[in-house]
Amino acid sequence: MLRPAHALASLLALVVPATTFAAPSPQSFKGEYTVSYLGLSIARATFSSRYEGNTYAINGTVSAAGLGRLFDDTKGTISSKGIISDKRMTPQAFRADYTSGKKASMVDIRFSNGAVTSTQVVPAPKKRDPKSWVPIGDGDLKSVLDPMAATVIHADSLDKVCGRTVKFYDGEMRADLTLTYASKGSISVPGYKGDTVTCKMGFEPVAGYRKGRKALNYLQNKSRMLVTFAPVGQSGVYAPIRATVGTQIGPLTISAGRFEAVN
């Protein structure tokens, strides 16, 4: 599996679908998130994104926090950039650099026309057992999104946010994520007060994983995963403001401490 900082970025992406945003004028968004496990803070993440013309750029930081720092001192920076084509995100490059103690790691993914052209992981993954490993095929990495390109969604209204499937690739695993409507509500956090919509998320591993892994089987068959979206200003973009993921030993929660559109 991937290292902690990249895994956290991937988890944040697992609770959000693909973007279909075409900004007529520059739009920017900033979010600050806390990750809690069994009610205890374990990590923090900040993200900023900018959409200008047919281009986008997303940058983020991830670090262990609270109780998590007692077991892991991981810190990382994450970035994604690309173009908006046919009202959809088309990634060009994704990179995650992170350190844990004295160990440095990196994931770099490059794209062309929506398909992955190269993936570099440092340190390189260990040799896989062909009897249990599901390899990635030639057709698995077409029309996929990287972990950061999957952090916002464009829709005509809150009613249109759910009801979609996302092809997700984090540098190792390919998975399909499905979103179905769960409920509507409201929320108040610094930078935003207003209506939200919550989607139930399904998880289906496709390739790049080991068969029989209990954690993946739990996510696929038993976990209750919910993600709540709120609008980013008047841009037509919706971003996650809260998410919960059921695990084998308790819930993991991602919640926004700040959520705001910045012009």
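Computed from a prediction, not measured in an experiment: that's the story for all the values here. (Residues numbered from 1 in each chain as written. Predicted model: local features only at pLDDT ≥ 70, side-chain atom pairs only at ≥ 80, totals over all residues. Heavy atoms only, no water.)

## A few points about the confidence of the model for the protein
Stage number 1. For the protein, mean pLDDT is 84; residues scoring 70 or higher make up 86% of the total.
Stage number 2. The spread of mean pLDDT over the elements of the protein runs between helix α1 (residues 4–14), the lowest at 49, and strand β8 (residues 133–134), the highest at 96.
Stage number 3. Counting contacts from residues 1–6, a segment whose pLDDT is below 50, to residues more than four positions away or on other chains yields 23 contacts.
Stage number 4. A low-confidence stretch, residues 14–24 (pLDDT under 50), is modelled with 50 contacts involving residues beyond four sequence positions or located in other chains. (pLDDT = per-residue confidence, 0-100. Helix = DSSP H or I, 4+ residues; strand = E, 2+ residues; numbered from the N terminus. Contact = heavy atoms within 4.5 Å.)

## Topic: unusual backbone geometry
Stage number 1. Along the chain, Val122 connects to Pro123 via a cis peptide bond; the corresponding omega equals -5°.
Stage number 2. You will see that Asn113, though not glycine, has its phi angle at about 55°, which is positive.
Stage number 3. With respect to the helices, strands and loops of the structure, Asn113 is situated in the loop between β6 (103–112) and β7 (115–122).
Stage number 4. For Asn113, a relative accessible area of 79% puts it in the exposed group.
Stage number 5. Non-glycine residue Ser143 carries a positive phi angle of around 55°.
Stage number 6. Along the chain, Ser143 turns up in the loop between β8 and β9 (153–154). (Buried < 20%, exposed > 50% of the residue type's maximum accessible area, 1.4 Å probe, protein only.)

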